[in-house]
Amino acid sequence: MSVLVYTDLHDGKASKGSLEALSYASKMNAGDVVAFCHGTLNGDGGMGAFGAAKVLHNATENLDAGQIAKLVTDAAAQTGADVVVFSHDNSGKAVAPRVAVRMNAGIVAGAISLPDTSAGYVVRKSVFSGKAMADVSLKTGKKVISIVPNSFGLHRTDGTASVETFNGDAGSSSVKVRSFKPTSTDGAVPLPEADIVVSAGRGMKGPENWGPVEELASIFGAATACSRPVADIGWRPHHEHVGQTGIAIRPTLYFAIGISGAIQHLAGVNGSKVIVVINKDPEAPFFKAADYGIVGDAFEVLPKLIEAAKSFKSH
Amino acid sequence: MIKEIESSKNQLFQKNVRNIMRAYEIELNFRANLSGQKWLSLQARIKYKNMKILVCISKAPDTTSRIAFTDNNTKFDENGVQYIVNPYDEWYALVKGIELKEALGGNVTTITVGGADNEPIIRKALAIGADDAVRVDLETGDSFVVASQIAAYAKDQGFDLILCGKETINYNSSLVGGMVAEMLNMPYLSLATSLTMEGSTAIVEREVQGGMEVLEVTGPFVLSAAKGLAEQRIPNMRGIMAARTKPLNVIAAVSVDQTAEIVSYTLPAPKGACKYVDADHPEELIRLLHEDAKVI
Ligand SMILES: Cc1cc2nc3c(=O)[nH]c(=O)nc-3n(C[C@H](O)[C@H](O)[C@H](O)COP(=O)(O)OP(=O)(O)OC[C@H]3O[C@@H](n4cnc5c(N)ncnc54)[C@H](O)[C@@H]3O)c2cc1C
């Protein structure tokens, strides 16, 4: 028995979301954890340390989602895996639905818990953009689960994985890659995977005032985010927009600066472990969803907070 | 023989292209300020004429809806809930389909899997500019059942493009597009933020792990729409009037078994009270985050 995990490589190493998927698979206690990856791999890609016993590696660089799905399905058949695990990230969203169809497997997309096998096979997932959770029962013999980034955490096992070449037939594709633009050049963590997120809204008054927001983020190695109107008016890029119609995130710490806390914004961030709100309006609805709050003008609070954060980090 | 027909067809096509190009050059003399965009759209018109587009439309509770459950937490409480077109379907997928039709000619059909209570949101999609609509008469099942219905309908219709939103705001699964693509053996371009046609090639920009990817694809494909793909459109009075008489065809569902089922819902535990820190002493916040919450 084994569980297959689809892992995504960046600079030869498995992404954080992939390592989380491996951690999840090894906690399932459903047999050996086998990773499938493609592209350039360094060593075992850091995957043995997070529970992979074996890494199946296909060296082809650019594969379309349809081709990856074919290889993953073949790898599952070859290893006898009845369950395939993905991260519910941009890669997982492209590949997992195809794999489910190919394998005739039921799928839980956006899982936030381990399967409960006490009665059937039930996995909890996030629904209504984080406003509720649903227990989903899978009725098929084969299963696909994709887990929400940051919902499960990383669990080191400090093992090592053997690496095996996997030369399946990926078939052809009518899709060609023209180019790739990284969203950040300095290797910062992508927003959905970030542990700490510093987010700001219309209260910042203009894009020229984002300096302190970015500075606070860089002190904590955090990703930056924003409210929807801020992205809509072009102060910040669309990929920073969080909320019901942006991306949903679950960092351990979320700073909301000059954001009112509209229901649509809260929907995307209320899975955060700890929320800090900085707003000059004591009646701002966000304080109701906050763990810690500062009522004050962001332009006065931020410089002091940055000083305090710097001195904390230097100790 | 077939080869000869193909080659003469090809020659005719080439000649046609040259003629159009010449006509275009003449027009160019009249419009010294012609933009590159226009040139591209003319080129595209040569090959991507009369695109047949299918847009998947789903209903979702209004974003301000109270989320609650009934029947021992097994059913979503629809009491007082207003339904809207799922924002990703409406704002980006549908509008992109309409934009392509406006630029290249063609037809936009919407498809919705669900009961008659979906008709108001279907009429809204028609008011925004879809030409006709299909409703597969089935009280919605899981993503697999929904995708199976869409694939069964689309299979023999020769769509050039199938568009759907990147996810619904009620289930957030992001599955239907990818499943339809697999069932129809088509490429699936997920989380697309831009789509343009260059001749017979579609250029798609999409969100991938760690960045944005630019892809080109030929032939029919399925695309899921993310923010940026198009700009939301508000239906006008004329659109709303026209929508009343546009065809809405109700078809029977194909029989497929559900693979997943929601057995119960839970609401997240309520937050404790907010701890306030004095604005003049943010160092106290840092201390609390470190010692109390232990998150830094
Ligand atoms: C269908 C739909 C979907 C939506 N989806 C999303 C979504 O996904 N994400 C999202 O974010 N929104 C979404 N919205 C919009 C949402 O309703 C709010 O309008 C939006 O979140 C408000 O953004 P904001 O808090 O930045 O701006 P505002 O509401 O204008 O709030 C600005 C806040 O900054 C505070 N402020 C002002 N100056 C200062 C200062 N100097 N110092 C400190 N604080 C200050 C103010 O007190 C106020 O609370 C959606 C809306 C709809 C209808």
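A.B. asks: Residue-level account of the nonpolar core, with values.
C.D. replies: As a rule of thumb, nonpolar side chains are buried together in soluble globular proteins. Among the nonpolar cores identified, the biggest contains 53 residues, and L4, F36, V72, F86 and V144 of chain A together with I162 of chain B are the most heavily contacted of them. Core analysis: the second largest hydrophobic core is formed by 43 residues, V175 of chain A together with A127, M197 and L248 of chain B among them.

A.B. asks: Report on the pairing of strand β17 (residues 292-295) of chain A, specifying residues and quantitative values.
C.D. replies: Pairing analysis gives four bridges linking strand β16 (residues 274-279) of chain A to β17 of chain A, with the strands arranged parallel. Bridge pairing in β17 of chain A links V277 of chain A to G293 of chain A. The pairing of β17 of chain A with strand β15 (residues 275-276) of chain B spans two bridges and is classified as parallel. Within β15 of chain B, the residue paired with G293 of chain A across the bridge is Y276 of chain B.

A.B. asks: Which residues make up the domain arrangement of chain A, and what values go with them?
C.D. replies: Residue and element names in this part refer to chain A. For chain A, the assigned domains read domain 1 (2-165) and domain 2 (191-314). Relative to domain 2, the C-alpha centre of domain 1 lies at a distance of 31 Å. Taken together, both faces of the contact between domain 1 and domain 2 bury some 930 Å²; the carbon and sulfur share is 41%. Inspection of the region where domain 1 meets domain 2 yields one salt bridge. A salt bridge links D195 to K16; the shortest N-O distance between them is 3.2 Å.

A.B. asks: Can you break down the sheet that holds β16 of chain A residue by residue, with the values?
C.D. replies: Taken together, the six strands give an open sheet; going across it, the order is β14(A)-β13(A)-β15(A)-β16(A)-β17(A)-β15(B), and neighbouring strands pair in parallel fashion. Only two strands of the sheet have a single neighbouring strand rather than two, namely β14 (223-226) of chain A together with β15 of chain B. Packing of helix α8 (residues 282-292) of chain B onto the sheet brings it into contact with β15 (253-257), β16 and β17 of chain A together with β15 of chain B, and relative to β17 of chain A it is tilted by some 175°.

A.B. asks: An account of the packing of helix α3 (residues 87-104) of chain B against helix α4 (residues 119-128) of chain B is requested, with residue identities and associated values reported.
C.D. replies: Residues and elements named next belong to chain B. The geometry of α3 relative to α4 is characterised by a closest axis approach of 10 Å and an angle of 45° between their N-to-C directions. Classified by the interaxial angle, the pair formed by α3 and α4 is oblique. When the axes of α3 and α4 are compared, the crossing they make is right-handed. Touching E90, L94, V95 and I98 of α3 are K124, A125 and I128, all from α4. The residue inventory of the contact of α3 with α4, partitioned by class, reads five nonpolar, no polar and two charged.

A.B. asks: Give a description of the packing of aromatic side chains that names residues and reports values.
C.D. replies: Tallying each qualifying case throughout the model produces 16 aromatic pairs over all chains. Ring geometry for F36 of chain A and F166 of chain A: centres 5.9 Å apart, planes at 90°, overall edge-to-face. Within this pair, whereas F36 of chain A is found in strand β4 (residues 32-38), its partner F166 of chain A is found in the loop between β11 (162-165) and β12 (175-182), the two being separated by 130 residues in sequence. Across the pair, F166 of chain A and F36 of chain A agree in class, each one buried. Pairwise contacts between aromatic rings join F128 of chain A together with F69, F76, Y171 and Y265 of chain B into one cluster. If you follow K143 of chain A out to its NZ or CZ, it ends over the ring of Y121 of chain A, 4.5 Å from the centre. Above the plane of the ring of F159 of chain B lies K52 of chain B, whose end atom (NZ or CZ) is 4.9 Å from the centre.

A.B. asks: Break down the site of the ligand for me, with residues and values.
C.D. replies: Residues and elements named next belong to chain A. Among the 28 residues in the neighbourhood of the ligand, the closest are listed as S227, T245, S260, Q264 and H265. Note that an oxygen atom of the ligand is positioned 2.7 Å from one of the side-chain N or O atoms of H265. In this structure, a nitrogen atom belonging to the ligand sits 3.2 Å away from a main-chain N or O atom of K280. For the ligand, whose accessible area on its own is 970 Å², the fraction buried by protein is 81%. Put simply, the parts of the chain that give the shell around the ligand at least two residues each are α5 (228-232), α6 (263-269) and α7 (298-313).

A.B. asks: Break down α3 of chain B for me, citing the residues and quoting the values.
C.D. replies: Residue and element names in this part refer to chain B. Spanning 18 residues, α3 covers 25 Å between terminal C-alpha atoms, matching the ideal 26 Å at 1.5 Å per step. Where α3 bends most, the angle comes to about 25°, and this point is V95. Counting buried positions along α3 yields 15 of 18 residues, so the element is predominantly enclosed.

A.B. asks: Go over helix α1 (residues 16-27) of chain A, please, and point to the residues and values.
C.D. replies: The terminal C-alpha atoms of α1 of chain A lie 17 Å apart, and with 12 residues this matches the ideal 16 Å at 1.5 Å per residue to within 8%. Counted residue by residue, α1 of chain A has nine buried out of 12 residues, so it is predominantly covered.

A.B. asks: Let's hear about the interface of chain A and chain B: which residues, and what values?
C.D. replies: On the side of chain B, 80 residues touch chain A, which itself brings 83 residues to the contact. Summed over both partners, the interface of chain A with chain B buries about 7100 Å², with 59% contributed by carbon and sulfur atoms. Taken together, the connections running from chain A to chain B amount to 10 salt bridges. A salt bridge links K139 of chain A to E261 of chain B; the nearest nitrogen and oxygen atoms lie 2.9 Å apart. Taken together, chain A and chain B are joined by 40 residue pairs in polar contact (both at pLDDT 80 or more).

About the cut-offs
- Residues numbered from 1 in each chain as written.
- Chains lettered and ligands numbered in written order.
- Predicted model: local features only at pLDDT ≥ 70, side-chain atom pairs only at ≥ 80, totals over all residues.
- Heavy atoms only, no water.
- Core = buried A, V, L, I, M, F, W, Y, C linked by side-chain atoms within 4.5 Å.
- Buried < 20%, exposed > 50% of the residue type's maximum accessible area, 1.4 Å probe, protein only.
- Pairing = 2+ DSSP bridges.
- Helix = DSSP H or I, 4+ residues; strand = E, 2+ residues; numbered from the N terminus.
- Domains from an automatic or database assignment.
- Buried area = accessible area lost by both parts, 1.4 Å probe.
- Salt bridge = Lys/Arg side-chain N within 4 Å of Asp/Glu carboxyl O.
- Contact = heavy atoms within 4.5 Å.
- Axes fitted to C-alpha atoms, helices over the stretch in contact; angles between N-to-C directions.
- Parallel < 35°, antiparallel > 145°, perpendicular 65-115°, else oblique.
- Left-handed = near helix turned anticlockwise from the far one by under 90°.
- Nonpolar A, V, L, I, M, F, W, Y, C, P; charged D, E, K, R; others polar.
- Phe/Tyr/Trp six-rings, centres within 6.5 Å; stacked < 30°, edge-to-face > 60°.
- Lys NZ or Arg CZ within 6 Å of the ring centre and 35° of its normal.
- Near = heavy atom within 4 Å.
- Polar contact = N/O pair within 3.5 Å; in protein donor to acceptor, adjacent residues only side chain to side chain.
- Areas by Shrake-Rupley, 256 points an atom, 1.4 Å probe, with all protein chains shown as cover.
- Expected span 1.5 Å × (residues − 1).
- Bend = angle between axes of the 7 residues up to and from the residue.

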